[in-house]
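Structure at a glance
Residue-level listing of the chains:
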Amino acid sequence: MSLLEKKRVLLGVTGGIAAYKAAELVRLLTRAKAEVQVVMTPAASNFITPLTLQALSGRSVRQKMFDTEQEAVMGHIDLARWADLILVAPASADFISRLAVGMANDLLATLCLAATTPIALAPAMNREMWQNPATQANIQTLCHRGTKIWGPADGEQACGEIGPGRMLEPDELLEQIKHNLSPGVLHGVRVLLTAGPTREPIDPVRYVGNRSSGRMGYALASAFAAEGALVTMISGPVSLDTPEGVQRVDVETAVEMEHAVGSRVEQCDIFVACAAVADYRCDGVAKQKIKKLQERLELRLIRNPDILRQVAANEAAPFTVGFAAETERVAEQAEQKRRAKGVDMIAANLVAGERGGFESDENALTVLWEGGGSELPMMDKQRLAQSLVALIISKYHEKD
Ligand code: PMT
């Protein structure tokens, strides 16, 4: 039986040159035995005819909001509920911005607003339009709401320019749909993850800390949960909401994090160390607030336990993924760390650049494993986390 048999895909087509690829996507979907309902925005019919998509999908294409005949067959709210997945491909900059602000000014935007099923977008536009801060802000808003963003790819564009903005190819979108509509690939897999900073107290009111916001780790926890994993996140102090489906354990210091991880690591299949754990803590914490009496104050620091190294050294170690925060020679230093700590995979980020790293909403990663690696370019942390989780899944299954 085909993975997509009887699955209902609502394919939204918006106005863009990539709309012609929607025909091939419909063909691939129906060949995989999915039921496909196409909904076009008014602009889309400038690029492809409804008749083509109707012939390929075997269903009449919906275009208008107030079409009495069509509404009588299936109202727009029911249409939104009918689908197992709504995919908008191509998703134009205009449609993305309308979705981000919650407009309901055509049939497709309205049913997306009414939908309770997952929504995925395959953006397609000129590279400057894609990189424009307005579009990026809209994408981020949508990501935060759980909308899946597939692509865009880098390459030659219809306008002759080269860069990010090409819609993913129909066969790539088909893979994403299959992946999305099959039960989570990590169904039943137990993931333990650390996130955020640690705080090492100096006295009752002061601490040694770092700039980790927790965003990267929380995005990872959310991406693992979306794949069906049972996720436990050991979190340092951050001001973020717990992602849906994630069990969160709050800690403050590296030693507390070590205990929280140590007592759970035997029950996990994958361990990811994304936390920025302080390498040192104060050798003795002052019981009272330290008074400002001296010109110089010296703090004596002692080494903290290396949680990642301890986990990887376990005889029955889970599949172990470390992070590496580097300010120079990222790949080289990360590879050294990977070997020294004995981990299966390391995800390295530059933390001294203008973009990415600590506190930022976006990041880029150099991911290394024994005999291979992959570059994940600068993107928002939600999408980056999804890409990293996809790599972890493939390597975890290989090792399994
Ligand atoms: O939280 P954000 O603002 O989103 O920022 C994300 C991030 C920059 C914090 C994240 O992407 C990241 O790089 N996390 C790891 C930070 C770090 O501590 O790197 P490191 O190179 O110092 O440590 C290497 C690895 O050992 C890490 O997996 C770390 O979790 C682990 N470690 C380090 C020290 C220690 N005592 N115990 C550990 O487990």
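A few points on the structure. (Residues numbered from 1 in each chain as written. Predicted model: local features only at pLDDT ≥ 70, side-chain atom pairs only at ≥ 80, totals over all residues. Heavy atoms only, no water.)

**A closer look at the packing of aromatic side chains**
- Counted according to the given criterion, the structure contains 1 aromatic pair.
- Seen from their ring centres, Phe319 and Tyr396 are 6.2 Å apart, and the 75 degrees between their planes marks the pair as edge-to-face. Of the two residues, Phe319 sits in strand S16 (residues 319–326) while Tyr396 sits in helix H14 (residues 381–399), which places them 77 residues apart along the sequence. (Phe/Tyr/Trp six-rings, centres within 6.5 Å; stacked < 30°, edge-to-face > 60°. Helix = DSSP H or I, 4+ residues; strand = E, 2+ residues; numbered from the N terminus.)

**A closer look at the layout of surface pockets**
- Empty space within the second largest pocket amounts to approximately 810 Å³.
- Lining the second largest pocket we find 39 residues, and of these Ala275, Ala276, Val277, Phe323 and Ala325 sit closest to its centre.
- Among the elements of the structure, strand S8 (190–195), helix H10 (215–226), strand S13 (270–273), helix H12 (307–313), S16 and helix H13 (330–341) are those that each provide at least two residues to the lining of the second largest pocket.
- Among the elements that line the lining of the second largest pocket, the one with the most residues is S16, at 4 residues.
- In terms of residue class, the lining of the second largest pocket is made up of 18 nonpolar, 12 polar and 9 charged. (1 Å grid on protein atoms, 1.4 Å probe; cavity = no way out; pocket = protein on both sides within 12 Å on 5 of 7 lines; lining within 4 Å. Points joined across faces, edges and corners; volume = space filled by probe spheres on them. Nonpolar A, V, L, I, M, F, W, Y, C, P; charged D, E, K, R; others polar.)

**Quick notes on the site of the ligand**
- In the neighbourhood of the ligand, 28 residues make up the surrounding shell, with Ser212, Ser213, Ala275, Lys337 and Asn349 lying closest.
- Between the ligand and the protein, one listed contact pairs a nitrogen atom with a backbone N or O atom of Pro305 at 2.9 Å.
- Contacts to the ligand include Glu359, whose backbone N or O atom sits 2.7 Å from an oxygen atom.
- About the coverage of the ligand: the protein hides 95% of its 770 Å² of free accessible area.
- The site holding the ligand turns out to be the second largest pocket.
- Within the residue set of the shell around the ligand, elements represented by two or more residues are H10, H12, S16 and H13.
- When residues of the shell around the ligand are assigned to their parent elements, the largest contribution, 4 residues, is made by S16.
- Split by residue class, the shell around the ligand holds 14 nonpolar, 7 polar and 7 charged. (Near = heavy atom within 4 Å. Polar contact = N/O pair within 3.5 Å; in protein donor to acceptor, adjacent residues only side chain to side chain. Areas by Shrake-Rupley, 256 points an atom, 1.4 Å probe, with all protein chains shown as cover. Sits in = over half its atoms within 2 Å of the grid points.)

**Thoughts on the sheet that holds strand S12 (residues 246–250)**
- With mixed pairing, 8 strands are arranged side by side in an open sheet as S12-S11-S8-S13-S16-S17-S18-S19. Looking at the sheet topology across the chains shown, the edges are occupied by S12 and strand S19 (372–380). With strand direction ignored, the average angle separating the axes of adjacent strands in the sheet is 15 degrees.
- Bridge count for strand S18 (residues 362–369) against S19 is 7 bridges, and the pairing is antiparallel. Residue pairing in the sheet places Glu362 in a bridge with Asp380 of S19.
- Across the sheet, H14 touches S13, S16, strand S17 (345–350), S18 and S19, and the angle it forms with S19 is around 160 degrees. (Pairing = 2+ DSSP bridges. Axes fitted to C-alpha atoms, helices over the stretch in contact; angles between N-to-C directions. Contact = heavy atoms within 4.5 Å.)

**Remarks on the side chain of Thr366**
- Along the chain, Thr366 turns up in strand S18.
- The buried category is assigned to Thr366, whose relative accessible area is 11%.
- Here Glu375 takes part through its side chain, which lies 3.2 Å from a polar atom of the side chain of Thr366.
- Residue contacts for Thr366: discarding those within four places in its chain leaves Val330, Ala331, Ile346, Ala347, Ala348, Ser374 and Glu375. (Buried < 20%, exposed > 50% of the residue type's maximum accessible area, 1.4 Å probe, protein only.)

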